[in-house]
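# Report on the structure
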Amino acid sequence: EAGVAQSPRYKIIEKRQSVAFWCNPISGHATLYWYQQILGQGPKLLIQFQNNGVVDDSQLPKDRFSAERLKGVDSTLKIQPAKLEDSAVYLCASSLVGRGQGLNTEAFFGQGTRLTVV
Amino acid sequence: AQKVTQAQTEISVVEKEDVTLDCVYETRDTTYYLFWYKQPPSGELVFLIRRNSFDEQNEISGRYSWNFQKSTSSFNFTITASQVVDSAVYFCALSASGTYKYIFGTGTRLKVLA
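A quick note: this is a predicted structure, and the numbers were derived from the prediction, not measured.

Turning our eyes to something else, we now look at the layout of surface pockets. Within this model, the largest pocket holds a volume of roughly 650 Å³. Lining the largest pocket we find 30 residues, and of these Gln37, Leu39 and Arg114 of chain A together with Gln39 and Arg109 of chain B sit closest to its centre. Elements supplying a minimum of two residues to the lining of the largest pocket: strand S9 (88-95) and strand S11 (113-117) of chain A together with strand S10 (88-96) and strand S12 (108-113) of chain B. Among the elements that line the lining of the largest pocket, the one with the most residues is S11 of chain A, at 4 residues. Across the lining of the largest pocket, the residue classes tally to 11 nonpolar, 16 polar and 3 charged.

Time to look at the interface of chain A and chain B. Each partner contributes residues to the interface: chain A has 27 residues there, and chain B has 22 residues. Note on chain A versus chain B: buried area summed over both sides is about 2,000 Å², and carbon and sulfur give 48% of it. Here chain A and chain B share 5 residue pairs in polar contact (both at pLDDT 80 or more) between them. Looking at the side of chain A that touches chain B, the elements that each hand over two or more residues are strand S4 (31-37), strand S5 (44-50) and S9 of chain A. Per element, the largest residue contribution to the side of chain A that touches chain B is 3 residues, and it comes from S4 of chain A.

This paragraph deals with the packing of aromatic side chains. Describing an aromatic ring pair means giving the distance of the ring centres and the angle of the ring planes. One pass over the structure, following the stated rule, counts 21 aromatic pairs over all chains. When the centroid spacing of 6.0 Å and the interplanar angle of 35° are considered together, the rings of Tyr33 of chain A and Tyr35 of chain A count as tilted. Tyr33 of chain A sits in the buried class, given a relative accessible area of 0%. Between Phe77 of chain B and Tyr90 of chain B, the aromatic rings sit 5.6 Å apart at their centres with planes inclined by 65°, giving edge-to-face as the arrangement. Here Phe77 of chain B is found in strand S9 (residues 74-79), whereas its partner Tyr90 of chain B is found in strand S10, with 13 residues between them in sequence. In terms of burial, Phe77 of chain B and Tyr90 of chain B fall into one category: buried. Members of the aromatic cluster, joined through ring pairs, are Tyr33, Tyr35 and Phe109 of chain A together with Phe35, Tyr37, Phe47, Phe91, Tyr102 and Phe104 of chain B.

Reading the values: rules and limits
- Residues numbered from 1 in each chain as written.
- Chains lettered and ligands numbered in written order.
- Predicted model: local features only at pLDDT ≥ 70, side-chain atom pairs only at ≥ 80, totals over all residues.
- Heavy atoms only, no water.
- 1 Å grid on protein atoms, 1.4 Å probe; cavity = no way out; pocket = protein on both sides within 12 Å on 5 of 7 lines; lining within 4 Å.
- Points joined across faces, edges and corners; volume = space filled by probe spheres on them.
- Helix = DSSP H or I, 4+ residues; strand = E, 2+ residues; numbered from the N terminus.
- Nonpolar A, V, L, I, M, F, W, Y, C, P; charged D, E, K, R; others polar.
- Contact = heavy atoms within 4.5 Å.
- Buried area = accessible area lost by both parts, 1.4 Å probe.
- Polar contact = N/O pair within 3.5 Å; in protein donor to acceptor, adjacent residues only side chain to side chain.
- Phe/Tyr/Trp six-rings, centres within 6.5 Å; stacked < 30°, edge-to-face > 60°.
- Buried < 20%, exposed > 50% of the residue type's maximum accessible area, 1.4 Å probe, protein only.

See the structure below:
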């Protein structure tokens, strides 16, 4: 079974530029997550989708971050314009079930995109 | 509010020593799930175990074992006879039933020295 795919693996941009990350979850997984992991910290949830609807985006800085999940499969996360403090690893994860669908299953993570804003 | 605390920032042990990673959680929910993930240098978070709040049985998987105690809100992870390949950052996470949202601790960096 293929895992969660993310691209690119690394990205370096200047502040005020824009950047986009792509994620392809495990086939059949209803829920998709984007996490931000700043160096030395645990992952922090940015946005959670169930199929193609947003379940939780309470910690997404909506003035500069946006995300979409087309047709309930792939997802893109965009930052525009980027700030120095956005330097982090952006992790995409997926899990089999979502709200109302049953027991919490584990989330499977991709390798992440390491973003450096200079 | 939900919270996960991993007080140990970094632990160093010599190969073949046993090591325990601590995890303390806070939640008002009666049904919840606890997880441990391993993050090797490659960066991917690797799932190790899931435990629900109604199952307090300890679990052993090879050199790994987990001790879940609701009375102290702890879910500790022990590696027996550690190996260099165990070197990684380990995260404990909490998810309330129905939210499917994972709250992570700050992680414990384990260094196993040859």
